[in-house]
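Now for the letters of each chain:
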Amino acid sequence: MPGKAKIGILGASGYTGAELVRLLLRHPRVEIALLTADRRAGQEMRDVFPQFAPFALPKLVAIDAVDWVGANLDLVFCALPHGATQTVIKHLMGQAPSTKIVDLSADFRLADAAAYAKWYGHAHEAPDIQGQAVYGLTEVYRRDIKHAHLLANPGCYTTCAQLPLIPLLKSKAIEPDEIVIDAKSGMTGAGRAAKESMLFSEVSEGFHAYGVGHHRHMAELDQEFSRAAGREVTVTFTPHLVPMNRGLLSTIYVRGRRGKSPEDLHAVLMKTYEKEPFVQTLPFGETPQTRHVRGSNMTLIGLVKDRMAGRAIIVAALDNLVKGASGQAVQNMNLMLGYPETLGLEQVALFP
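No experiment lies behind these values; they were computed from the predicted model shown.

**Things to note about unusual backbone geometry**
Phase 1 of the analysis: Residue Phe-351 is joined to Pro-352 through a cis peptide bond whose omega torsion reads 5°.
Phase 2 of the analysis: With respect to the secondary-structure elements, Pro-352 resides in the segment after helix H12 (322-336).
Phase 3 of the analysis: For Arg-258, which is not glycine, the phi torsion reads 50° and is therefore positive.
Phase 4 of the analysis: Counting through the fold element by element, Arg-258 comes out in the loop between strand E11 (248-255) and helix H11 (262-273).
Phase 5 of the analysis: Relative accessible area serves as the criterion here: at 76%, Arg-258 is assigned to the exposed category.

**Thoughts on the nonpolar core**
Phase 1 of the analysis: With 76 residues, the main nonpolar core has Phe-77, Ile-181 and Phe-225 as its most contacted residues.
Phase 2 of the analysis: Tallying contributions element by element places helix H8 (residues 156-170) first for this core, with nine residues.
Phase 3 of the analysis: If sequence neighbours within four positions are ignored, Phe-225 has contacts with Ala-161, Gln-162, Leu-165, Ile-166, Leu-169, Ile-181, Val-233 and Val-235.
Phase 4 of the analysis: In terms of nonpolar packing, the next biggest core, distinct from the first, is built from 22 residues, Val-76, Leu-80, Val-88 and Leu-150 among them.

**Details of empty space enclosed by the protein**
Phase 1 of the analysis: Within the structure shown, the criterion is met by one cavity of 30 Å³ or more.
Phase 2 of the analysis: Size it by volume and the largest cavity reaches roughly 30 Å³.
Phase 3 of the analysis: Every residue lining the largest cavity is listed: Ala-106, Arg-109, Leu-110, Tyr-120, Arg-216, His-217 and Glu-220.
Phase 4 of the analysis: Its residues assigned to classes, the lining of the largest cavity shows three nonpolar, one polar and three charged.

**Some words on the environment of Arg-46**
Phase 1 of the analysis: The residue Arg-46 is located in helix H2 (residues 45-48) in this model.
Phase 2 of the analysis: In this structure the C-alpha to C-alpha distance between Arg-46 and Lys-59, which are 13 residues apart in sequence, comes to 9.5 Å.
Phase 3 of the analysis: Beyond its immediate chain neighbours, meaning those up to four positions away, Arg-46 contacts Phe-52 and Ala-53.

**Describing the sheet that holds strand E13 (residues 299-305)**
Consider a sheet: its strands pair through backbone hydrogen bonds, and that pairing is either parallel or antiparallel.
Phase 1 of the analysis: Across the sheet, which stays open at both edges, the seven strands sit in the order E9-E10-E8-E11-E14-E13-E12 with mixed pairing between neighbours. Each having just a single partner strand, strand E9 (208-209) and strand E12 (279-281) make up the two edges of the open sheet.
Phase 2 of the analysis: Examined bridge by bridge, strand E8 (residues 180-185) and E11 share six bridges and lie antiparallel to one another. When the bridges of E11 are listed, Ala-183 appears paired with Ser-250.

Scoring rules and cut-offs
- Residues numbered from 1 in each chain as written.
- Predicted model: local features only at pLDDT ≥ 70, side-chain atom pairs only at ≥ 80, totals over all residues.
- Heavy atoms only, no water.
- Helix = DSSP H or I, 4+ residues; strand = E, 2+ residues; numbered from the N terminus.
- Buried < 20%, exposed > 50% of the residue type's maximum accessible area, 1.4 Å probe, protein only.
- Core = buried A, V, L, I, M, F, W, Y, C linked by side-chain atoms within 4.5 Å.
- Contact = heavy atoms within 4.5 Å.
- 1 Å grid on protein atoms, 1.4 Å probe; cavity = no way out; pocket = protein on both sides within 12 Å on 5 of 7 lines; lining within 4 Å.
- Points joined across faces, edges and corners; volume = space filled by probe spheres on them.
- Nonpolar A, V, L, I, M, F, W, Y, C, P; charged D, E, K, R; others polar.
- Pairing = 2+ DSSP bridges.

Quick look at the structure:
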């Protein structure tokens with residue numbers, strides 16, 4: 001693609017929108033040409049996020065005011081709340097069919113419209129285009145992503161669980177019916193909207209599980225694990241909220257299949273990710289920490305032998321706003337636009 005690609009970000013006043021701006025400002029092949037935020041329409045981005053004061057950015061506008069034909073965008077990131085995205089994308093695709101879309105909501109992640117209605121409590125409002133969406137777990141669907149027009153970017157919890165588990169399921173190295181995922185996320189995973197349950201005094205000095213037994217990400221996990229295993233898979237998954245800004249850690253319990261040892265499982269992960277730029281398998285017996293990936297697009301995976309014979313404990317860590325959302329979205333954008341996959345994502349983790 002000659003010159004710089006013109007990029008739009010819908011929902012730029014949220015955390016994932018701001019993270020997209022942060023990453024794209026240093027991307028050498030793109031121009032941020034459109035920023036929307038309905039409640040902040042008319043304001044400058046620096047008024048919402050002061051860290052952007054030194055940069056010349058488009059003024060925030062309402063989505064309804066966008067002239068999609070005149071904007072002539074190469075790609076749009078949709079960082080809107082779940083449920084609010086379907087009609088927006090359907091309208092966008094009708095008005096500007098050549099514009100590619102990376103959707104960071106959950107609206108197009110489930111291939112089955114009935115499953116979407118079951119887990120989200122209402123019928124999908126764009127079922128005619130739902131089937132066009134490519135699921136955007138980059139390391140698994142890289143070939144399909146390169147040709148995608150509408151891409152469903154995975155969630156942070158699902159990315160952190162799928163990257164270690166999909167290779168093990170594909171190689172039939174673990175028992176599909178004995179997977180337990182215990183995951184913990186920082187506060188930014190809940191978005192930026194004002195909620196009483198997210199007040200500092202409500203979450204500080206505490207740690208709690210939520211969505212126990214019925215979290216919506218379960219549908220996404222079951223879908224992708226079933227694809228990998230070639231049979232139906234239902235996992236146990238429990239998310240927790242940790243009083244930190246960003247970061248996600250998944251502790252996963254598995255059993256080796258047909259005599260596969262923890263060392264064998266580790267070997268599968270080492271081979272799978274030995275050449276991947278954004279996923280690293282640690283030496284056997286080592287585990288990562290969220291501080292090791294803060295601000296980066298990296299996922300670190302560790303595997304430890306359990307004291308119970310045949311069982312292993314996997315620990316995976318990523319930054320929920322980067323590899324768990326906006327970073328993976330940029331990684332997918334690079335593939336969709338024919339750029340080197342790592343472009344604009346070379347940041348080393350911030351430590352301490």
